[in-house]
Amino acid sequence: MKKIFTLLSMAICFCFIARSQSGKISGSVTDGSSRAIHSATVSLLKAKDSSIVKFAPTDKSGGYEFVNIRDGKYFVSATNVGYGKAVSSTFEISSSSSAITVPALVMSEQAKGLSGVTVTAKKPFIETKIDKTIVNVESSPTSAGATALEVLEKSPGVTVDNDGNISLRGKAGVIIMIDGKPTYLSSADLANLLKNMPASALDQIEIMTNPSAKYDASGNAGVINIKTKKGRAAGFNGSVMAGITSSIFKPRGALYLMPKSQNSFNFNYRKNKVNFFGNYNPNFSRGKGSLIIERRFFDANNNIAGYSDVDTRFKFGNNNHTLKLGVDFFADKKNTYGIVASGFIFNGHPTPVTFNTLSDASHQPTSSMISLTENRIHFNNFSTNFNYRHVFDTTGRELTVDLDYIGYRNTSNMLLTTDFYDAAGQQSSDPLLLKGHLPSDINIYSIKSDYTHPFKKGGRFEAGIKSSYVKNDNFVDYQRLYADKWIPDARSNHFVYDENINAVYANVNKQIKKWSLQGGLRVENTIAKGFQVTNDSTFKRNFTNLFPSVFISYTVNKKNSLTISYSRRITRPNYQDLNPFTYFLDSLSYRQGNPYLLPQFTHNIELSHSFNGKLITTLNYNNTTDVISQIFKQNAQTKIVFFTADNVAKFTNMGISITAPIPVTKWWNTNFFTNIYNNHYKGIYNGAPLDIGYTSFMVNISNTFTIKQGFSLELSGFYRAKGVDQLTINEPIYQMSFGGQKNILKNKATLRLNVRDPFAWQQFRGITEYGGVYAKIRGRFDVRQVTTTFTYRFGKNTQQPPPRRRTSATQEEQNRVGNAQ
């Protein structure tokens, strides 16, 4: 840590020593309705000969800025697809006028002039920016037939473990948002959602490791925002995609071919003041997997007292449908209204079979059991968002309001049947039958409002408020078969959890010559109440926290810049982890919640260097207290193991990451990402010291080969070295994929072929060992897949201004929803 702070101190001192006497030029670009135009190209030109000095893209508010400009006379021009060129009048930079604010450049639409023109510009798969990394999903042939979780897995710095938990740069606690809205799901349910969300429905993935105060303070590792597709062209247009996947799974010599299908329909209708859009994705999946665990039990002297060898064979089938519909109404130049409704329906039938062999201290079998779990899962969601935007003037001053409702309904019906055998394999007792009915209802209401006020001489002030209310009602009804009758089981329960979070924030940024400064403060108040109806017990929480954030950037020269940032963040327990219910995995293992969990708090520090805006090197350090970890607890006498969540340790993470796009040749481009980091957990578990640390690294590489116009190939892969995550030492995991895509039918259609993990390299192996607990884990699922997809685009593709990206009133709660799965 001392080395990190030394580096930070040297960087800051260096920045203060540097001096500059250059000028600054800023302004904004709008359309005829005073709407900001994002990603327009603004050129700075010399007045005497119109030679180009610099380029700059506009940001989300339509703003642009040029710094380090010498004295002289200049003018600016703006261009963008679908618009006519806009040019400013001439102005002068001098010692008496070193900061110029150019009047807003107003661009007129030229949709008619582009009639019949198909825009085929292709973005790179990975874009690196100083504050975020952007993954353009459509640009990757190997995304064909993939799920959202699989695209995340090959994204820079992202790790997905055997249970679908997502980490960023070696840190757990990532907030996942979809179109600016949190998913409100626990890690297991979020993984299930992303496994069934087709990549064809995605536009971009934004990865932010240190968000500003404008974002919810939740998530110690950062924010990943998944943007779904939305049309932007005039008239009626869209696309249809059909895909088929065959998974190849070969455990124990047997060969299984498992079908999957991912399909999508996207449309957009835009005319005059109305933009109507939507998408529908029907999918089905069949799959298999295996999980092998060797558990060891110890006596009071820490000697091995016995073993439990568990072999679980998964078989699952599910069908799911997702639908999204929305409309934007541009009432006039200053007011825009929008409403979005979306939902999904998931029906699953997982049927895991578990073979559990119990052995003595010499590993000689003493008994065994076979458990079959029949699950019928029905999971659905409905969400709606109303949004309003008012633009006060052409400077970018605006007010936005969002109202949200999200409802989850989950019903799981299970039947667990266990047969018991002795060491000779003969049935030793009657079968045990346990059935459960586990309904769960979650309702979330929220409102937020944000105000943006640009300053006349550059910079802006942002402020906002948010309030959310969550009601989580869970019921579990267990019955066991006794004397041919179903009788109530004592583990039945009813738990109700209510939570209200109120937040306010302010954020200011300012450009001072070569310095860019931003500071913000967010205040969040949490009021929570949990009630166990069955035993009439209640717990209450009421706490208020401050979450500051600071960003300082210094432009060393045209090619080099330094940025240092700090933020304090919180990770609250997800709703399922607070639920004290017992959920059976098999007859000797179950999962149980912990209503006494506390939130964990994190301090994040990052120092980044950018070269040419592309090669980005980042040093990071974070410190987390009261870490929420999934832990094992076991009984050496009964051989029963259960999983729960607890605040067990202090966690530190430090590392260095490098992101680099490498143009090897004109036809070969490579995106390279590596992260070297150290994770260290230190605390107390079962009264004994807990000290687990490991230095590891990960590498993501994506190669794109342009064979000819409209035909490209991709070869990509990742490698994650041995490391520690959530108290488990994970062995190396790696994968390679390759694919190709070809535009056909006069560029109106695209044919893609993708082969994922052709050599079946990807499998999970790990060891959990602490406080008298030992488990050796090996898991493999049907990730080896061959996919082909056909996409057809219809309607006009003449471009309009980029669509209005909305963030809803919800910023955290969806990541914390859980259910009985």
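Reading guide: rules and limits
- Residues numbered from 1 in each chain as written.
- Predicted model: local features only at pLDDT ≥ 70, side-chain atom pairs only at ≥ 80, totals over all residues.
- Heavy atoms only, no water.
- Helix = DSSP H or I, 4+ residues; strand = E, 2+ residues; numbered from the N terminus.
- Buried < 20%, exposed > 50% of the residue type's maximum accessible area, 1.4 Å probe, protein only.
- Contact = heavy atoms within 4.5 Å.
- Areas by Shrake-Rupley, 256 points an atom, 1.4 Å probe, with all protein chains shown as cover.
- Pairing = 2+ DSSP bridges.
- Core = buried A, V, L, I, M, F, W, Y, C linked by side-chain atoms within 4.5 Å.
- Patch = residues over 30% accessible without salt bridge, like charges linked within 9 Å, V, L, I, M, F, W, Y side chains within 5 Å.
- Salt bridge = Lys/Arg side-chain N within 4 Å of Asp/Glu carboxyl O.
- Lys, Arg positive; Asp, Glu negative; His and termini not counted.
- Charge placed at Lys NZ, Arg CZ, Asp CG, Glu CD.
- pLDDT = per-residue confidence, 0-100.

Bringing the overall build of the protein chain into the picture now. Secondary structure summary: the protein chain contains four helices and 47 strands in total. Here the protein chain, with 821 residues, has 53% of them falling under the buried criterion. Within the protein chain, contacts between residues at least 6 apart in sequence are counted, and of these 67% link residues at least 24 apart. Summing over all exposed atoms, the protein chain offers an accessible surface of approximately 35,200 Å²; the carbon and sulfur share of this is 58%.

A few words on the pairing of strand E1 (residues 23-31). Along E1, nine of the nine residues are buried, which leaves the element largely enclosed by surrounding structure. Neither face of E1 is exposed, since Gly 23, Ile 25, Gly 27, Val 29 and Asp 31 on one face and Lys 24, Ser 26, Ser 28 and Thr 30 on the opposite face are all buried. In this sheet, strand E4 (residues 63-69) lies alongside E1 in antiparallel orientation, the contact comprising five bridges. Each bridged residue has a counterpart across the sheet, and for Ile 25 the counterpart in E4 is Phe 66.

With that out of the way, let us pick up the nonpolar core. A general trend in soluble globular proteins is that nonpolar side chains are found buried together. Core analysis: the largest hydrophobic core is formed by 53 residues, its most contacted members being Leu 152, Ile 166, Leu 194, Ile 205, Ile 224, Ile 226 and Tyr 478. Excluding anything up to four places from it in sequence, Leu 194 contacts Thr 147, Ala 148, Leu 149, Leu 152, Ile 166 and Ile 226. Membership of the second largest hydrophobic core comes to 21 residues, among which are Leu 44, Ala 56, Ile 69 and Tyr 83.

All right, on to a positive patch on the surface then. On the surface, Lys 46, Lys 48, Arg 70 and Lys 558 cluster together to form a positively charged patch. Topologically, Lys 48 is positioned in the loop between strand E2 (41-46) and strand E3 (52-57). Taking relative accessible area as the criterion, Lys 48 reaches 74% and is therefore assigned exposed.

Of the residues in the protein chain, 87% have a pLDDT of 70 or more, and the chain-wide mean is 84. When the criterion is pLDDT under 50, residues 1-21 qualifies, and its contacts beyond four places in sequence or with other chains add up to 23 contacts. For residues 798-807, every residue scores under 50 in pLDDT, and the model assigns this stretch 51 contacts once sequence neighbours within four places are set aside.

To continue, consider unusual backbone geometry. Phi is mostly negative for residues that are not glycine, and the peptide bonds are mostly trans. A positive phi is found at His 363, a non-glycine position, where the angle reads about 70°. Within the secondary structure layout, His 363 lies in the loop between strand E23 (353-359) and strand E24 (365-391). On the basis of relative accessible area, His 363 is assigned to the partly exposed category, the value being 30%. Unlike most non-glycine residues, Asn 747 shows phi in positive territory, near 65°. Considering the arrangement of structural elements, one finds Asn 747 in the loop between strand E43 (733-744) and strand E44 (749-756). Residue Asn 747 is classed as partly exposed on the basis of its relative accessible area of 33%.

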